[in-house]
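Survey of secondary and tertiary structure
Take a look at the letters that make up each chain.
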Amino acid sequence: MTFRRIPFLLAAYAGILAASPCDSLSNIKLAATTIGSAKIVEPGAFTPPGGRGGALFKKLPSFCRVEGVIAPSQDSHIEFEVWLPESSAWNGRLLGVGNGGFAGSISYPQMAQAIAAGYAVSSTDTGHEAGATDGDWGLGHFEKIVDYGYRAVHETAVQSKAVVKSLYGSQAKHSYFNGCSNGGRQALMEAQRYPTDYDGIVAGAPANYFTHIGVGFVWDGQALDEEPATFIPPKKLALIESAADAQCDALDGVKDGVIENPTRCHFDPDVLACKGADSDTCLTAPQLAALKKVYEGPKNS
């Protein structure tokens, strides 16, 4: 060995010592996946895109943040992240978290809650960047619709497990998925199409039967926004809820503030009709007509 090689070897050795196991995740090879970044986030240092942090993120411990893109089709660009606690803080479990609405962004608040509880956690934007009520991205992009429909969550589960194994040297003891609304729909799709992705699934308020629920949203919107007079202001919603509870709560034999079986409740909104001028304690004739349309729902084409 020549002396001229010694500085080079020392520099290379120093580089190896400086590189953390988290940093090395940027070099792992995954099918149809590119890892863009893998780095340690110091305690309380993470701020979500847009700069809106909050106390939840300021209290986070140190973790390894992995960012990547999955491209199972030529028109796919599924961004996903995996957050991994330090080995000593890891509870041995992986949690996948769902999205609301039409997705379009990583679910950072849910990821923060999971990492604070000791989970390795993953989330995806499901293949597009947009607001949760924006569906324009799907026009003319069938593969992106497939990604949103089910493929992105499945691919994220597969690649997240590979990331977990690469860092910790073993698979998670158990893996779970938790989602609400559209996340509940994602949960049901996982259970139906890819039952081996997760050991346990929480499907909260699942927005399933998607074509029908979509038509229902349009129907409700048209009923309430047909004209200014049909709009029911948010401050009157508690009034409607209380009246429905008063009529139907006790149908199951227990008065507990919960309508146990909504299909047995045939609530008559006419009890809320204004007897005189409009106020926060009653519904006008146009508002009543709109509410009845909402309760009736769409019947045919």
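Treat the numbers as computed from the prediction; the structure is a model and nothing was measured.

Here we look at unusual backbone geometry
- The phi torsion at Ala 103 lies on the positive side, around 60°, for a residue other than glycine.
- Looking at the element boundaries, Ala 103 is found in the loop between β4 (93–97) and α4 (108–116).
- A positive phi is found at Thr 126, a non-glycine position, where the angle reads about 65°.
- Within the element layout of this structure, Thr 126 appears in the loop between β5 (120–124) and α5 (142–168).
- Classification of Thr 126 by relative accessible area gives buried; the value is 0%.

Quick notes on the packing of aromatic side chains
- On inspection of all chains with the given rule, the structure shows 14 aromatic pairs.
- A centroid spacing of 6.5 Å and a plane angle of 80° characterise the contact between Phe 102 and Phe 210, whose relative ring orientation is edge-to-face. Of this pair, Phe 102 sits in the loop between β4 and α4 while Phe 210 sits in helix α7 (residues 210–224), and the two are 108 residues apart along the sequence.
- For Phe 102, a relative accessible area of 29% corresponds to the partly exposed category.
- The ring of Phe 210 has Arg 185 lying over it, and the distance from NZ or CZ to the ring centre is 5.2 Å.

Some words on the pairing of strand β2 (residues 63–70)
- For β2, the tally of buried residues reaches six of eight residues, placing the bulk of the element in the interior.
- In this sheet, strand β3 (residues 78–85) lies alongside β2 in antiparallel orientation, the contact comprising eight bridges. For Val 69, the partnering residue across the bridge sits in β3 and is Glu 79.

A look at α5
- Between its first and last C-alpha, α5 extends 37 Å over 27 residues, near the 39 Å set by a 1.5 Å rise per residue.
- Bending of α5 peaks at approximately 65° at the position of Tyr 148.
- Note on α5: the residue one or two positions beyond its end, Gly 169, has a positive phi of about 85°.

Quick word on the environment of Glu 296
- Tracing the sequence through the fold places Glu 296 in helix α9 (residues 285–296).
- Given a relative accessible area of 48%, Glu 296 falls into the partly exposed group.
- In the structure, Glu 296 is positioned 185 residues away from Met 111 in sequence and 39 Å away in space, judged by C-alpha atoms.

Details of the pattern of salt bridges
- Counted under the stated rule, the structure contains eight salt bridges.
- The partner of Arg 65 in a salt bridge is Glu 67, with the nearest N and O atoms 3.5 Å apart.
- Counted as one network, the salt bridges with shared partners bring together Arg 65, Glu 67 and Glu 81.

Some points on the state of the cysteines
- Inspection of the entire model under this criterion finds three disulfides.
- Across the disulfide, Cys 22 is cross-linked to Cys 64 (sulfur-sulfur distance 2.1 Å). Linking Cys 22 and Cys 64, the disulfide has an S-S dihedral of approximately 80° and is accordingly described as right-handed. Taken as a pair, Cys 22 in helix α2 (residues 21–24) and Cys 64 in strand β2 lie far apart in primary sequence, 42 residues in all.
- Should the bonded cysteines of the protein be numbered as they appear in the sequence, the pairing reads 1-2, 3-4, 5-6.

Focus on the sheet that holds strand β7 (residues 200–204)
- In space, the seven strands of this open sheet follow the order β1-β2-β3-β5-β4-β6-β7, with mixed pairing throughout. Only two strands of the sheet have a single neighbouring strand rather than two, namely β1 (33–41) and β7. Geometrically, the sheet is characterised by an average inter-axis angle of 15° between neighbouring strands, direction not taken into account.
- This element, α4, spans β2, β3, β4 and β5 of the sheet and lies at about 20° to β3.

Focus: the side chain of Thr 156
- Looking at where Thr 156 falls in the secondary structure, it is placed in helix α5.
- Dropping the residues within four chain positions of it, Thr 156 is found in contact with Ile 70, Ile 78, Phe 80, Ser 122, Ser 123 and Thr 124.

Each value, and the rule that gives it
Residues numbered from 1 in each chain as written. Predicted model: local features only at pLDDT ≥ 70, side-chain atom pairs only at ≥ 80, totals over all residues. Heavy atoms only, no water. Helix = DSSP H or I, 4+ residues; strand = E, 2+ residues; numbered from the N terminus. Buried < 20%, exposed > 50% of the residue type's maximum accessible area, 1.4 Å probe, protein only. Phe/Tyr/Trp six-rings, centres within 6.5 Å; stacked < 30°, edge-to-face > 60°. Lys NZ or Arg CZ within 6 Å of the ring centre and 35° of its normal. Pairing = 2+ DSSP bridges. Expected span 1.5 Å × (residues − 1). Bend = angle between axes of the 7 residues up to and from the residue. Salt bridge = Lys/Arg side-chain N within 4 Å of Asp/Glu carboxyl O. Disulfide = S-S within 2.5 Å. Axes fitted to C-alpha atoms, helices over the stretch in contact; angles between N-to-C directions. Contact = heavy atoms within 4.5 Å.

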